[in-house]
Amino acid sequence: MTSVATLRFEPVRRPSASDCSQVARQGQPRQFVMCRPDHFDVCYSINPWMNPQEPVDRVLALSQWETLRATFEHYGHRIDVVPGEPGLPDMVFAANSGLIVGDRAMSARFTHAERAAEGPAYHRWFAQQGLVELVGAQEINEGEGDFLLVGERMLAATGFRSSIAAHREVERYFDLPVVSLELIDPRFYHLDTALMVLDDTNVAYFAPAFTAASQAILAELYPDAILATDADAVVLGLNGVSDGLNVFISSRADNLASELRVQGYNPVGVDLSELLKAGGGVKCCTLDIHEDPRSAPTAVAS
C-alpha cells in the first residue's frame, strides 16, 4: 500500500461551471447509521459551539432529527437507528462513532473523557449487526468526523481531535491511501465541519479552516472544488451529506446552496439549529456505510 509520504496526487479534471448544466448527475442509494437524540443535552463544553448555560429544547431536537431521517428516506436512503444511552448526550452524532468500508469496520476512540463511552457503545452495536471484520481504534480517532472517503482516497484531519497516528492506523486497516490535512480554526474542530464530500471526485470546503500546506494539497487534488464562504461555514453548511446528486445541508447555508445548483447538484436544506448548539449538523448525525470503493456501485436516478 502507498504511504502518505509517497502518495502521488492525481487530481480529476471536471467540467467548468459553465458546462455543469450539461452534467447528468445521479444519486446513489445509501445506507446510513443514525442515533435518536433521546438523551441530547449540552451539559459540558468541549468545542466553541457548546454553552451549558444555554437551554436545550430536546423536543425540538428530536423533531428536527426526525425530519432529517424522513428526508433521507424520502430520497431513497436506508436508515439504521442506534438506540441512545443515558449519560451520553453527544451519541446523536453518529458520524463520530467509527468507520465502515466494505466488510471492515473500526469503532472510534474519543479525545475527551466526556465522550469516551460512546466508542464502546457503538462498538457493541456494530458487533450486534454482524460486522465480523470489526476492531476498536487504538489511536485517537473520531470516525467520520475526521475521516472522509472520496472515491478510493481517504481524507483525514488532525489538529484538534484525531491523531496523525490514527491516520496511519486507518490506512493500514482499510488498505486505502490516507491524505493528512491539518485544521487550525477551533470552530471547525472536525474535518466534516470544514469539508463536504460531493461525489467520488469532488468536494466543497472552507479554505481558512486549514493550514496553508493543507490548502495547497486540497487545491491540487480538487481544482474544481466549491469554496465555501464564511457565512456558509459558520452555520456548519459544510457539515452535509451528498448522494452524488442530492446534497443535504443546513437550511441556512444560502450561498453554498446557490453554488451547488450552479454545479448541477440538488441542495436539500434541513434545519438542525437545536443540534448546532452542540456543534453538530447533518453529517454529524449521519454515519455512512460505504461500499468498498474498489467495487463499482450501480447508479440510479434520484
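Residues numbered from 1 in each chain as written. Predicted model: local features only at pLDDT ≥ 70, side-chain atom pairs only at ≥ 80, totals over all residues. Heavy atoms only, no water.

**A word on the sheet that holds strand E11 (residues 226-227)**
Rule in force here: Pairing between two strands is assigned when DSSP locates at least 2 bridges connecting them. Helix numbers and strand numbers start at the N terminus; a helix is a DSSP run of H or I with at least 4 residues, a strand a run of E with at least 2.
With mixed pairing, 3 strands are arranged side by side in an open sheet as E9-E10-E11. Strand pairing shows two members of the sheet lacking a second neighbour, strand E9 (195-197) and E11, which therefore form its edges. Pairing of E9 with strand E10 (residues 203-205) involves 3 bridges; the strand directions are antiparallel. By the bridge assignment for E10, Leu 195 is matched with Tyr 205.

**Observations concerning unusual backbone geometry**
Using the following cut-off: Only protein chains enter the accessibility calculation, which uses a 1.4 Å probe; a residue whose area is less than 20% of its type maximum is buried, one above 50% is exposed, and one in between is partly exposed.
Even without being a glycine, Asp 175 presents a positive backbone phi close to 55°. Relative to the elements of secondary structure, Asp 175 occurs in the loop between helix H3 (164-174) and strand E8 (178-182). Among the residues examined, Asp 175 registers a relative accessible area of 39% and is labelled partly exposed. Not every positive phi belongs to a glycine, and Leu 236 is a case in point at roughly 55°. Of note, Leu 236 is situated in the loop between helix H5 (230-233) and strand E12 (241-242). For Leu 236, a relative accessible area of 2% translates into the label buried.

**Structural notes on the layout of surface pockets**
For the record, the criterion: A 1.4 Å probe that fits but cannot get out identifies a cavity on a 1 Å grid over protein atoms alone, an open set with protein on both sides within 12 Å along at least five of seven lines counts as a pocket, and a residue lines either if it has an atom within 4 Å of a point. Grid points are joined across faces, edges and corners, and a volume is the space filled by probe spheres set on the points.
Counted as a void, the largest pocket has a volume near 850 Å³. At the level of elements, strand E1 (31-35), strand E6 (147-150), E9, E12 and strand E15 (287-290) are the ones that each hand at least two residues to the lining of the largest pocket.

**Here we look at the pattern of salt bridges**
For clarity, the cut-off: Whenever Lys or Arg places a side-chain nitrogen within 4 Å of a carboxyl oxygen from Asp or Glu, that contact is recorded as a salt bridge.
One pass over the structure, following the stated rule, counts 16 salt bridges. In this structure, Glu 73 engages Arg 69 in a salt bridge whose closest nitrogen and oxygen atoms are separated by 3.6 Å. With a gap of 4 residues between them, Glu 73 and Arg 69 both fall in helix H1 (residues 58-74), about one helical turn apart. Residue Glu 73 is classed as partly exposed on the basis of its relative accessible area of 39%.

**Focus: the sheet that holds E12**
Threshold: Residues count as neighbours in contact if any of their non-hydrogen atoms are within 4.5 Å of one another. To obtain each axis, a line is fitted to C-alpha atoms, and for helices this fit is confined to the stretch in contact; angles are then taken between N-to-C directions over 0 to 180 degrees.
Taken in spatial order, the 3 strands line up as E12-E13-E14 in an open sheet, and their pairing is mixed. Looking along the sheet, the strands with just one partner apiece sit at the ends: E12 and strand E14 (266-270). Bridge count for E12 against strand E13 (residues 246-250) is 2 bridges, and the pairing is antiparallel. Directly across from Ser 242, in E13, lies its bridge partner Val 247. Relative to the sheet, H1 contacts E12, E13 and E14, its axis offset from that of E14 by approximately 155°.

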